[in-house]
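Each chain is listed here by its residues.
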Amino acid sequence: MIVRISDDALARALGADELAEAFAKKGLEVERTSSWGMHWLEPLVEVNGLGWGPVTADRVDEICGGKADDICIGPIAAHPFIAGQQRLTFARAGKTRPTSLDDYEATGGWAGLRRARQIGGAQIVDEVTASGLRGRGGAGFPAGIKWKTVANIPGPQKYIVCNADEGDSGTFADRMVMEGDPYALIEGMAIAGEAVGADQGYIYVRSEYPDAIRKLNEALALCKALIAPFRCEVRVGAGAYVCGEETSLLNSLEGKRGEVRAKPPLPAIEGLFGKPTVVNNVLTLAAVPHILAEGGSAQYGALGIERSKGTMPIQLAGNIKHGGLYETAFGVTLRELIHDIGGGTESGRPVKAVQVGGPLGTYLHPDQFDIKFDYEAYTAADALIGHGGIVVFDDTADMGHMARFAMEFCAAESCGKCTPCRIGAVRGVEIIDRIRAGGRAADAVESQPVMHNASKSGRLPEQEIALLTDLCETMKFGSLCALGGFTPFPVMSALRNWPEDFMPGHEGAVQRVLDRNET
Amino acid sequence: MSTKEQRIGEIVAEHAGREGPLIPILHDVQAELGCVDGETEALLAKALNLSRADIHGVVSFYHDFHAEADPRPEVQICRAEACQARGVEALIASAEKAAGERVKLTTVYCLGLCSAGPSARVGDRLHARLDAKRLASVIENAR
């Protein structure tokens, strides 16, 4: 009897290690696998395909005897949460031991790299382009086109950089790939290297992910010969959210302050140390081995809708009953994700707001839940898919506070290079505070008799809202990168959808100001 | 040559041949010395043939590097959106009480356990699905 328990960071944070030890003490063989992604059931125990979760140490004896029916979920693979998914990037989730080369090989590992080496760079790029794979980090730029740009630039030194600085709240898919299927990421990087003629790769992992760092280093040591002549190294970040922005990440890799660079030049042309560089997100690179395997490109491209092809590992987080990883083809609606799959809020209260795409993502109102998961559909709705994280809030959330938090976060994490972000975020916090305080009285300078043109009655909250709208426009169009440029999305969407959380009793006034600013 | 200078020289030597080695060096230096203070910055600048301003600029940019050592155990609490949606803010007052002067509480934006928050980190050990009582026990057991 083999007992399978995940060694993913989330399972471990919920006591999976202690549980594994308890089963081992009973004389049972325990295998530590990747996580199935059903986080509300972690720690999940699997015996002969049957699952129990969440398991506590006092239930070990019952499970050994095949009992504990109240927490038994039956065959795991048939669970509706798993059966409803189309897992390509996460095909191995729950099934293999993360750093076992045998398990990886036995589940189709390295087939993509072997084939890539046979067909050569130009055809690799063609197949990635044909699959329709777009950058999963947030921007959604076609991966094939980026690779082609790098491939076409001559030069002896090029780099493959994996952006594993997954700082967005509500996202954990990168972490799950790195901890659960590290070879898939490494294989994807080696294929990218083959495609563009790069022999050095870097994985930039945030320091908040100790388990991912450990497993990647372990995996890289084990597969060194298999990926040679391609070499790869893990670099650990140092707590700066902005280093998830690709140019800032490159500066950090070079050992500099993580300040954003102006584009152009694009990193594809002048990237790491000024050399042509492919910078892709973990999920983009981990999708590549499947695409490069026989027939993978066509299969990938057949999934999804419009220009959003393939699958997206969606992360259900926040106040949601069935949180976890849900990989499915593009086109699924928010309503399906939150209510049918996610089971609504964990607190049992009504859903008030949903933030899609991390701290810089729009707060969507339940009225907008018919929106389909698709890059263009979200852009049209003034929203973004980002890295595919969905954070659910129940009706106790104060959206005025969340808008303030978005500005506060931007102020804390701004790299300081451009003014709209560095100063705008600080002013944004102040303005939101004043709106919520009902405006402000005339200040000492304005009250001076000599200040003829200054208002003597201070500023009304409506005027503060006009100012906030203006500031958000400036940040949106004037910032160098997405941190300053996208912070207005959560702020303005919160203001538009929940004016009562900014000016209780004066929702109409907020609406009038917003309408006036938009015309 | 002081022992500190010698040790820094050794750490720099361990990273010889690496491209852009400053961040990994700073991680190692801080792990060894507890912080990256002004004296260390000057020694690193000398060892790496950079200006002290270059080093200070990098050290002060990143949240992970500190200018002063703090001997207290540290508990990081995630207070990003997903953990807020799961009620972390209501736990802060009691967490601060449990920490007192003995434990240093810091805010972190996201530990990647967003479907099972509130979450906290002590060293390399993570804790999820915390309530006031469990968080207090995490803080009390922090060494």
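Residues numbered from 1 in each chain as written. Chains lettered and ligands numbered in written order. Predicted model: local features only at pLDDT ≥ 70, side-chain atom pairs only at ≥ 80, totals over all residues.

**Focus: the overall build of chain B**
When helices and strands are tallied, chain B shows seven helices and four strands. Each helix (α) and strand (β) of chain B, taken in turn from the N terminus, gives the series α-α-α-α-β-α-α-β-β-β-α. Taken along its principal axes, the extent of the C-alpha atoms in chain B is 50 × 30 × 25 Å. Partitioning the intrachain contacts of chain B with sequence separation of at least 6 by distance along the chain shows that 60% fall at a separation of at least 24. (Helix = DSSP H or I, 4+ residues; strand = E, 2+ residues; numbered from the N terminus. Contact = placed C-beta atoms within 7 Å.)

**Points about the overall build of chain A**
Across its full length, chain A carries 24 helices and 16 strands. Taken against the 2.2 N^0.38 rule, which gives 24 Å for 519 residues, the C-alpha radius of gyration of chain A at 25 Å falls within 12% of a compact globule. Sorting the 519 residues of chain A into buried and exposed places 56% on the buried side. Residue pairs at least 24 apart in sequence account for 71% of intrachain contacts in chain A once pairs closer than 6 positions are excluded. (Rg over C-alpha atoms; globule rule 2.2 N^0.38 Å. Buried ≥ 20, exposed ≤ 12 C-beta atoms within 10 Å, placed from the backbone.)

**A word on unusual backbone geometry**
Residues and elements named next belong to chain A. For the bond from Ala 228 to Pro 229, the omega torsion is 10°, close enough to zero to count as cis. Considering the arrangement of structural elements, one finds Pro 229 in the loop between helix H11 (210–227) and strand S8 (231–236). Here the bond from Pro 264 into Pro 265 is cis, since omega is 5°, no more than 30 degrees from zero. As for its placement among the helices and strands, Pro 265 is situated in the loop between helix H12 (246–253) and strand S9 (277–281). Of note in the backbone geometry, Asn 48 takes a positive phi value of approximately 50° without being a glycine. Tracing the sequence through the fold places Asn 48 in the loop between strand S3 (45–47) and strand S4 (50–52). Classification of Asn 48 by C-beta neighbours within 10 Å gives exposed; the count is 10. With phi around 45°, Glu 306 is a residue other than glycine that occupies positive phi space. Relative to the assigned elements, Glu 306 resides in the loop between strand S10 (304–305) and strand S11 (308–309).

**Considerations on the confidence of the model for chain B**
This prediction gives chain B a mean pLDDT of 95; 99% of its residues lie at or above 70. Overall fold confidence (pTM) sits at 0.96, and the ipTM for the predicted complex is 0.96. (pLDDT = per-residue confidence, 0-100.)

**So, the interface of chain A and chain B**
The interface of chain A with chain B comprises 46 residues on the first partner and 34 residues on the second. Going through the elements one at a time, helix H1 (9–13), S8, H12, strand S12 (311–318) and strand S16 (389–394) of chain A are the ones with two or more residues in the side of chain A that touches chain B. Looking at the side of chain A that touches chain B residue by residue, the classes come out as 22 nonpolar, 16 polar and eight charged. (Nonpolar A, V, L, I, M, F, W, Y, C, P; charged D, E, K, R; others polar.)

**Considering the environment of Leu41(A)**
Residue and element names in this part refer to chain A. Checked against the element boundaries, Leu 41 lands in the loop between strand S2 (29–33) and S3. Spatially, the C-alpha atom of Leu 41 lies 35 Å from that of Glu 294, the residues being 253 residues apart in sequence. Those residues within four positions of Leu 41 in sequence are excluded, and the remaining contacts are Gly 53, Pro 54 and Ile 73.

**Overview of the environment of Pro80(A)**
Residues and elements named next belong to chain A. Relative to the assigned elements, Pro 80 resides in helix H4 (residues 80–83). The class for Pro 80 is exposed, based on 10 C-beta atoms found within 10 Å. Taking C-alpha positions, Pro 80 is 24 Å from Arg 12, a pair spaced 68 residues apart along the chain.

**Points about the domain arrangement of chain B**
We note that the domain assignment places domain 1 (3–61) and domain 2 (74–141) within chain B. Here the C-alpha centroids of domain 1 of chain B and domain 2 of chain B sit 31 Å apart. (Domains from an automatic or database assignment.)

**Some thoughts on the domain arrangement of chain A**
Residues and elements named next belong to chain A. For chain A, the assigned domains are domain 1 (2–83), domain 2 (101–302), domain 3 (304–394) and domain 4 (399–518). Here domain 2 and domain 3 have C-alpha centroids that lie 25 Å from each other. Those elements that provide at least two residues to the side of domain 2 that touches domain 3 are helix H9 (173–180), helix H13 (282–292) and helix H14 (296–302). Of the residues assigned to the side of domain 2 that touches domain 3, the class counts are seven nonpolar, nine polar and four charged.

**Here's the deal with the pairing of strand S1 (residues 2–6) of chain A**
Residues and elements named next belong to chain A. For S1, the tally of buried residues reaches four of five residues, placing the bulk of the element in the interior. Here five bridges tie S1 to S2, and the two strands are oriented parallel to one another. The residue of S2 that forms the bridge with Ile 5 is Arg 32. (Pairing = 2+ DSSP bridges.)

**Some words on the packing of helix H7 (residues 121–131) of chain A against helix H10 (residues 182–196) of chain A**
Residues and elements named next belong to chain A. Remark: H7 packs on H10, axes separated minimally by 7 Å, with the N-to-C direction vectors making an angle of 120°. If you check the angle between H7 and H10, you find them oblique. In terms of crossing hand, the pair formed by H7 and H10 is left-handed. Contacts between H7 and H10 pair Gly 121, Ile 124 and Val 125 from the former with Ile 191, Glu 194, Ala 195 and Val 196 from the latter. Residue composition of the contact of H7 with H10, grouped by class: five nonpolar, one polar and one charged. (Axes fitted to C-alpha atoms, helices over the stretch in contact; angles between N-to-C directions. Parallel < 35°, antiparallel > 145°, perpendicular 65-115°, else oblique. Left-handed = near helix turned anticlockwise from the far one by under 90°.)

**Brief notes about the sheet that holds S8(A)**
Residues and elements named next belong to chain A. Taken in spatial order, the four strands line up as S8-S7-S6-S9 in an open sheet, and their pairing is parallel. Strands at the two margins of the open sheet, each flanked by one partner only, are S8 and S9. Adjacent strand axes in the sheet meet at a mean angle of 20°, parallel and antiparallel pairs treated alike. Alignment of strand S6 (residues 159–164) against strand S7 (residues 200–205), held across six bridges, turns out to be parallel. When the sheet's bridge partners are listed, Val 161 is paired in S7 with Tyr 202. This element, H12, spans S6, S7, S8 and S9 of the sheet and lies at about 110° to S6.

**Things to note about the packing of H7(A) against helix H8 (residues 143–152) of chain A**
Residue and element names in this part refer to chain A. Orientation of H7 relative to H8, taken along the N-to-C sense of each, is 155°, at an axis distance of 7 Å. Viewed along their axes, H7 and H8 adopt a mutual orientation that is roughly antiparallel. When the axes of H7 and H8 are compared, the crossing they make is left-handed. Between H7 and H8, the contacting residues are Gly 121, Val 125, Val 128 and Thr 129 on the first element and Ala 143, Gly 144, Ile 145, Trp 147, Lys 148 and Ala 151 on the second. Partitioned by chemical class, the residues of the contact of H7 with H8 number six nonpolar, three polar and one charged.

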